[in-house]
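# An overview of the molecular structure
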Amino acid sequence: YLSVNALTITGGLTNSAGGTFSLGAASDVANVGHITNAGSISIASGASLTVSGASAPTNALPGFVNTGIVNVAPGGTLTTGLTYVQTAGQTTVDGTLRAFGRVALVNFAGGSVYGNGTIQGPIMSNAAINIGDAPMTVGQMSFMGNYTQGASGSLTFDIAGASLGQYDQLNVSGHAQLNGLMTVDLLHGFVPQIGNNFDIDRKSVV
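In this text the structure is predicted, and so the values were computed from the model without any measurement.

What counts and what doesn't
The residue count restarts for each chain, going from 1 along the sequence in the order it is written. A pLDDT threshold of at least 70 governs which residues receive local features in this predicted model, and a stricter bar of 80 or more applies before side-chain atom pairs are shown or counted, although totals over entire chains, interfaces and linings include all residues. To obtain the side-chain values, all non-hydrogen atoms of the structure were included, while hydrogens and water were left out. Here a helix means four or more residues in a row that DSSP labels H or I, a strand means two or more in a row labelled E, and each is numbered from the N terminus. In this description the radius of gyration comes from C-alpha coordinates, and the expected globular size is given by 2.2 Å times residues to the power 0.38. Only protein chains enter the accessibility calculation, which uses a 1.4 Å probe; a residue is then buried when its area is under 20% of its type maximum, exposed when over 50%, and partly exposed in between. The contact rule is simple, with two residues in contact once any of their heavy atoms fall within 4.5 Å. Calculation of accessible area relied on Shrake-Rupley with a 1.4 Å probe; when residues are assessed, cover is drawn exclusively from the protein chains displayed. As used here, the term nonpolar core means buried Ala, Val, Leu, Ile, Met, Phe, Trp, Tyr and Cys residues forming a set that is joined through side-chain atoms within 4.5 Å. Two aromatic rings from Phe, Tyr or Trp, using only the six-membered ring of Trp, form a pair when their centres are within 6.5 Å; if the ring planes differ by under 30 degrees the pair is stacked, by over 60 it is edge-to-face, and anything between is tilted. Each patch is assembled from residues with relative accessible area greater than 30% and no salt bridge, linking like charges that lie within 9 Å and nonpolar side chains (Val, Leu, Ile, Met, Phe, Trp, Tyr) that lie within 5 Å. Salt bridge, as used here, is a side-chain nitrogen of Lys or Arg placed within 4 Å of a carboxyl oxygen of Asp or Glu. In this description, strands pair whenever DSSP reports at least two bridges between them.

### Thoughts on the overall build of the protein chain
Within the protein chain, the secondary structure is distributed over zero helices and 23 strands. In summary, the protein chain has a C-alpha radius of gyration of 17 Å against a globular reference of 17 Å for 206 residues, a match within 12%. Referenced to the eigenvectors of the C-alpha coordinate spread, the extents of the protein chain come out at roughly 60 × 35 × 25 Å. Counting over 206 residues, the protein chain shows a buried share of 45%. The contacts of the protein chain with a sequence gap of at least 6 include a subset with a gap of at least 24, amounting to 45%. When the accessible surface of the protein chain is totalled, it reaches about 9,100 Å², and 54% of it is carbon and sulfur.

Right, here's the structure in full:
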């Protein structure tokens, strides 16, 4: 278990299965060269984790590789100058996950994604994305960039009523290209009526 207030690691951080890396206070700041996570990483409101990629191995694009659990709380920020890659495990973004730079990419290659926050940068997904903090909950998520969903990806929208705030919304600032599966779950016995409209995706989809 590692809890920090201010931390700089010029090389890499490996958080093994069973390990916990916590930025648990608003003043917590960590700067790391690159991260491999198979354990649990949490970023509290007001805390920030920056993955510079400066010391990433030659020809290795990932700045952050996740096969464990990553939780970014509302007001928390996770930033990488290279890519964020998840091949298994779970990422929950209630704050901000940001990828920027020449090779920036958020690549959800597997696992699950939840949240009510913002993901910035080009996004590719072959994972299961469910808006909100858990299955069968209503939420809103923003993708600030282009979103491409692959053949193995899935996107689930939950609908509990016809009013705004009673159904999931995904706001995409760029282009959205969907392959794979899109599922709509009706919650709490809700039955749509003729004439109901649900603006679940606030961007044109191709």
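### Describing the side chain of N37
Among the secondary structure elements, N37 is positioned in strand β4 (residues 29-37). Looking at N37, the relative accessible area reads 1%, which means it is buried. Filtering out sequence-adjacent residues up to four positions away, N37 remains in contact with N15, F64, V65, N66, T67, G68, I69 and V70.

### Quick look at the nonpolar core
Core analysis: the largest hydrophobic core is formed by 36 residues, its most contacted members being L49, F64, L78, F108, I119 and F143. Not counting chain neighbours up to four residues away, the residues in contact with I119 comprise V93, L97, V106, F108, M141, S142, F143 and M144.

### Concerning unusual backbone geometry
Despite not being glycine, M136 has its phi angle at roughly 65°, a positive value. Within the fold, M136 resides in the loop between β17 (128-131) and β18 (140-144). Even without glycine at this site, H188 takes up a positive phi of about 55°. The residue H188 is located in the segment after β23 (181-186) in this model.

### Things to note about the packing of aromatic side chains
This structure, assessed with the given rule, holds three aromatic pairs. Between Y84 and F108, the aromatic rings sit 6.1 Å apart at their centres with planes inclined by 70°, giving edge-to-face as the arrangement. Here F108 lies in strand β13 (residues 105-108) and Y84 lies in strand β10 (residues 83-86), a separation of 24 residues in the sequence. Each member of the pair Y84 and F108 is classed as buried.

### Quick look at the environment of G145
Relative to the helices and strands, G145 is located in the loop between β18 and β19 (147-149). Between the C-alpha atom of G145 and that of G174, which follows or precedes it by 29 residues, the distance is 4.7 Å. Sequence-distant contacts of G145, defined by excluding residues within four places in its chain, comprise G121, V172, S173, G174 and H175.

### Brief notes about a nonpolar patch on the surface
Judged by side-chain polarity, M182, V184 and L186 come together as a nonpolar surface patch covering roughly 260 Å² of accessible area. Residue placement: M182 occurs in strand β23.

### Points about the pairing of strand β14 (residues 112-115)
Regular strands place their side chains on alternate faces of the sheet. Examined bridge by bridge, strand β11 (residues 90-93) and β14 share three bridges and lie parallel to one another. The residue bridging T92 from the neighbouring strand is Y114, located in β14. Here β14 runs beside β17; their pairing, made up of four bridges, is parallel. Counterpart to G115 in the pairing with β17 is I131.

Nothing here speaks to function; it is geometry throughout.
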